[in-house]
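Letter by letter, the chains look like this.
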Amino acid sequence: MTFDPESLGQSRSDLAEALRGERKRAGLTQTALARRCNMSQTKVSNIESGKLTPTLVDVELILGALGAVGPVATEILALARSANTEWQDDWGSLRRGLDKKQNELARLEALTSEFRFFLPTMITGLLATPEYVRSSLSRNSGDMSKTVTKKLERQQILMDTSKVFTFLLTEQAARWPLASPLAMAMQLDRLASVSRLPNVRLGVIPLGIVGPVVETPLSVFTIYGRRLVQVETHTGALILRDHRDVSAYREDFERYESHAVFGDDCRSLLSEWAMIFTRQHQ
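Think of each chain on its own: its residues are numbered from 1, step by step along the sequence as written. Under the rules for a predicted model, residues below a pLDDT of 70 receive no local features and side-chain atom pairs below 80 are neither given nor counted, while totals for whole chains, interfaces and linings still include all residues. Remark: hydrogens and water are excluded; side-chain values derive from all non-hydrogen atoms of the structure.

**Considerations on the pattern of salt bridges**
Okay, step 1: Should a side-chain nitrogen of Lys or Arg be within 4 Å of a carboxyl oxygen of Asp or Glu, the pair is scored as a salt bridge. In total, this model carries 15 salt bridges according to the counting rule given.
Okay, step 2: Here Glu 22 ties to Arg 25 by a salt bridge, and the two come within 2.5 Å at their closest N and O atoms. With Glu 22 and Arg 25 both in helix H1 (residues 8-25), this residue pair falls three residues apart, about one helical turn.
Okay, step 3: Note on classification: 1.4 Å probe, protein chains only; a residue is buried when its accessible area is under 20% of the maximum for its type, exposed when over 50%, partly exposed between these limits. Residue Glu 22 is classed as buried on the basis of its relative accessible area of 12%.
Okay, step 4: The closest approach of N and O atoms between Arg 255 and Asp 252, which form a salt bridge, is 2.5 Å. In this pair, Arg 255 and Asp 252 are both assigned in helix H12 (residues 243-257), three residues apart and thus about one turn of the helix distant.
Okay, step 5: The class of Arg 255 is partly exposed, set by a relative accessible area of 33%. Numbering of helices and strands runs from the N terminus, with a helix taken as a DSSP run of H or I at least four residues long and a strand as a DSSP run of E at least two residues long.

Shown next as structure tokens:
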């Protein structure tokens, strides 16, 4: 099945219909299927009505209970994978208002206790100074004041010690001159300060790593516990909920993390880079 953003919403209803049809062909009631899968009848009903998007594990259990194999099972699993993928395009976010996107992120952050941010290109909003946030939004037309305010408000979550954050930045992300030299120096100082929070682990991956070849970082991604991954592209973001996708990105993160420097070594690099920007300002 090829990726088509416009088909993702339809795949949810197609999946519900396919699973309902397979159950009926197997001659099972929802209650009987639920018993075989160790699920509640309500959950089976919600899956078949499209009210609940099942995980791939759920679908594999159902297919096993129904004895579905071959092309039918393959097609249903493909539908399940698409149903667990969401595309959020930037144009849609602009139409709704970028401040609404900040509200969505805040709700997701409230439900998550462990965060992993991989940042190969730029600094994320949770770590950004006001000037850096404004510079990051400068290509957007219209009044961005609400979006800037909400981005900065979201940073309060870093003070919640019940939540744990790991931020990985490449040297390119930390040093990319998105704002003025003075603003960049202040931004790097901000990173050093945040790295001292007890529930934050902040590391940078310097250029010229000595050791095994590191796989080329392709895109910004954020891992929300084991719930989902958000992968950012130039024109939008993919939301992946398939446990195999989440596990794959967690493995990628751990591989990049093994090449990062943390603590005093990290802060020493940030200070060195901040001084370079300061000299540029003078």
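**A short note on the nonpolar core**
Okay, step 1: Working definition of a nonpolar core: buried Ala, Val, Leu, Ile, Met, Phe, Trp, Tyr and Cys residues. They are joined through side-chain atoms within 4.5 Å. Leu 127, Phe 165, Phe 167, Leu 169, Leu 202 and Leu 270 are the most contacted members of the largest nonpolar core, which has 42 residues in total.
Okay, step 2: Of all the secondary-structure elements, those providing two or more residues to this core are helix H7 (98-110), strand E2 (114-119), helix H8 (130-136), strand E3 (164-170), helix H10 (171-175), helix H11 (181-194), strand E4 (200-205) and helix H13 (263-281).
Okay, step 3: For this core, the element with the most residues is H11, which contributes seven residues.
Okay, step 4: When residues no more than four places from it in sequence are discounted, the contact partners of Leu 270 are Leu 188, Leu 191, Ala 192, Leu 202 and Val 204. Throughout, a contact is declared for two residues whenever any of their heavy atoms are within 4.5 Å.

**Topic: the sheet that holds strand E7 (residues 236-240)**
Okay, step 1: Only strands that DSSP links by at least two bridges are regarded as paired with each other. A sheet is described by the order of its strands in space; here seven strands give the open sequence E1-E7-E6-E5-E2-E3-E4, paired in mixed fashion. Where the open sheet ends on each side, the last strands, each with one partner, are strand E1 (85-89) and E4. Neighbour-to-neighbour, the strand axes of this sheet turn through a mean angle of 10 degrees, independent of strand direction.
Okay, step 2: Comment: axis = line fitted to C-alpha atoms, over the contacting stretch for helices; angle = value between 0 and 180 degrees taken between N-to-C directions. Along the sheet face, H12 touches E2, E3, E4, strand E5 (221-224), strand E6 (228-232) and E7 and points at about 115 degrees away from the line of E5.

**Brief notes about the side chain of Thr 222**
Okay, step 1: Within the fold, Thr 222 resides in strand E5.
Okay, step 2: Thr 222 has contacts with Arg 116, Phe 117, Leu 228, Val 229 and Gln 230, leaving out every residue within four places of it along the chain.

**Overview of helix H9 (residues 145-154)**
Okay, step 1: Considered for burial, the residues of H9 that qualify are Thr 147, Val 148, Lys 151 and Arg 154. An end-on view of H9 places all buried positions within 125 degrees of arc, on one side of the element. In this description, one arc is meant: the one made by directions from the helix axis to the C-beta atoms.

**Description of H13**
Okay, step 1: A helix is expected to reach a length of 1.5 Å times the quantity of its residues less one. Spanning 19 residues, H13 covers 27 Å between terminal C-alpha atoms, matching the ideal 27 Å at 1.5 Å per step.
Okay, step 2: Listing the buried residues of H13 in full gives Cys 266, Arg 267, Leu 269, Leu 270, Trp 273, Ala 274 and Phe 277. All buried residues of H13 project into a common sector of 160 degrees when viewed along the axis, lining one side. Looking at H13, the residues exposed on the side facing more than 90 degrees away from the buried face are Asp 264 and Asp 265.

**Notes on the confidence of the model for the chain**
Interpreting fine coordinate detail is not advised for predicted regions of low pLDDT.
Okay, step 1: The predictor's confidence in any single residue is recorded as pLDDT, a number from 0 to 100. On average, residues of the chain score 87 in pLDDT, and 89% of them reach the 70 mark or higher.
Okay, step 2: The low-confidence segment residues 1-8, where pLDDT is below 50, has twelve contacts with residues more than four positions distant or belonging to other chains.

**So, the environment of Ile 223**
Okay, step 1: In this structure, Ile 223 sits in strand E5.
Okay, step 2: Among the residues examined, Ile 223 registers a relative accessible area of 0% and is labelled buried.
Okay, step 3: With 106 residues separating them in the primary sequence, Ile 223 and Phe 117 have C-alpha atoms 6.5 Å apart.
Okay, step 4: Among all residues touching Ile 223, those that are not within four sequence positions of it are Glu 114, Phe 115, Arg 116, Leu 228, Val 229, Val 246, Tyr 249, Arg 250 and Phe 253.

**A look at the side chain of Glu 171**
Okay, step 1: Within the element layout of this structure, Glu 171 appears in helix H10.
Okay, step 2: By relative accessible area, Glu 171 is classed as buried at 10%.
Okay, step 3: Filtering out sequence-adjacent residues up to four positions away, Glu 171 remains in contact with Ile 205, Pro 206, Leu 207 and Trp 273.

**Section: the pairing of E5**
Okay, step 1: Burial along E5 is two-sided: Phe 221 and Ile 223 facing one way and Thr 222 and Tyr 224 facing the other are all buried.
Okay, step 2: When E2 meets E5, the two strands line up antiparallel, connected through four bridges. Its bridge partner lying in E5, Phe 115 is registered against Tyr 224.
Okay, step 3: As paired strands, E5 and E6 are joined by four bridges and run antiparallel to one another. Each residue of the ladder has a partner; that of Ile 223, found in E6, is Val 229.
Okay, step 4: Once E5 ends, the chain turns through three residues before running back antiparallel as E6, passing Gly 225 with a positive phi of about 55 degrees.

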